[in-house]
Each structure stands twice: as C-alpha cells, then as structure tokens.
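# Architecture and fold: a report
Below, each chain spelled out in residue letters.
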Amino acid sequence: MAKKYSVLVACRTGMGSSMMLKIKVGQVARENGFPLDVSHDVIDAAKGMDPDLLITMADLVPDVQGDVRHVIGIKDLTDKEEIKTKLEEFLKSQGEDS
C-alpha cells in the first residue's frame, strides 16, 4: 500500500479560506486517488505538526518557507486544476506516480 502523506491546509486564522481550500484539496485527492490525509489549522501550527506538505495561499508561502518540509502556494482557492497540478508535482517529487 502506498504511503499516505500528511497534508496541512492552513491560513492565518484557520477559518474560512483554509477550510474552503481543505474541501477542494480533499475533492481533488479523492477524484485522482492521491494518497493524502488532509487536515486544516492555523499556519502557525505547521511547525509543531511537521506535515509532509503544507498547502496555503500563495501570499503566505514566504512566511513559512524553510519552516516546513514542503509548501505549496495556491493562487485561486476554487481552481481544482491548479490544486491538482501542484499536488501531482509534490507527489512526483516524492517518487510517487500520479
């Protein structure tokens, strides 16, 4: 069985935008069979949780770069194609075939 990657979807407050993005990431993962375990929280929680992947809004990436193993910045929270492409790139970087 393939490894399941822990994914944290986060924004500054852990409320609206991260919850909406978590739903979209979950949909993309299910639709494409990506091995992801998706949760959401405030961006400050990322360091303590040490997820395999942090997904946040593109403008917040500089705030966490270097603090987490991998980070993806999403420009359009509703763009499932953008999310899918970036998740595929992450999985490929981990040696997974998507």
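Details of the structure are given in the entry above.
Rules behind the numbers
Residues numbered from 1 in each chain as written. Predicted model: local features only at pLDDT ≥ 70, side-chain atom pairs only at ≥ 80, totals over all residues. Heavy atoms only, no water. Helix = DSSP H or I, 4+ residues; strand = E, 2+ residues; numbered from the N terminus. Contact = heavy atoms within 4.5 Å. Buried < 20%, exposed > 50% of the residue type's maximum accessible area, 1.4 Å probe, protein only. Pairing = 2+ DSSP bridges. Axes fitted to C-alpha atoms, helices over the stretch in contact; angles between N-to-C directions.

To continue, consider the environment of Val9. Counting through the fold element by element, Val9 comes out in strand β1 (residues 5-11). Taking the C-alpha atoms as reference points, Val9 and Ile74, 65 residues apart in sequence, are found 10 Å from one another. Apart from residues lying up to four places away in sequence, Val9 is in contact with Ser18, Leu21, Lys22, Val25, Val38, Ser39, His40, Asp41 and Ile55.

If you check the backbone angles, Asp50 has positive phi at about 50 degrees while not being a glycine. With respect to the helices, strands and loops of the structure, Asp50 is situated in the loop between α2 (46-49) and β3 (53-57). The exposure class assigned to Asp50 is partly exposed, which follows from its relative accessible area of 41%.

Take the sheet that holds β3 next. A sheet is described by the order of its strands in space; here 4 strands give the open sequence β2-β1-β3-β4, paired in parallel fashion. Only two strands of the sheet have a single partner each, and these edge strands are β2 (36-42) and β4 (71-74). Taking each pair of neighbouring strands and ignoring which way they run, the sheet shows an average axis angle of 25 degrees. Taken together, the 7 bridges between β1 and β2 define a ladder with parallel strand orientation. Its bridge partner being in β2, Val7 is matched across the sheet by Val38. Docked against the sheet, helix α1 (residues 16-32) engages β1, β2, β3 and β4, running at close to 175 degrees with respect to β2. Sheet contacts for helix α4 (residues 80-93): β1, β2, β3 and β4; angle to β4, the most-contacted strand, approximately 165 degrees.

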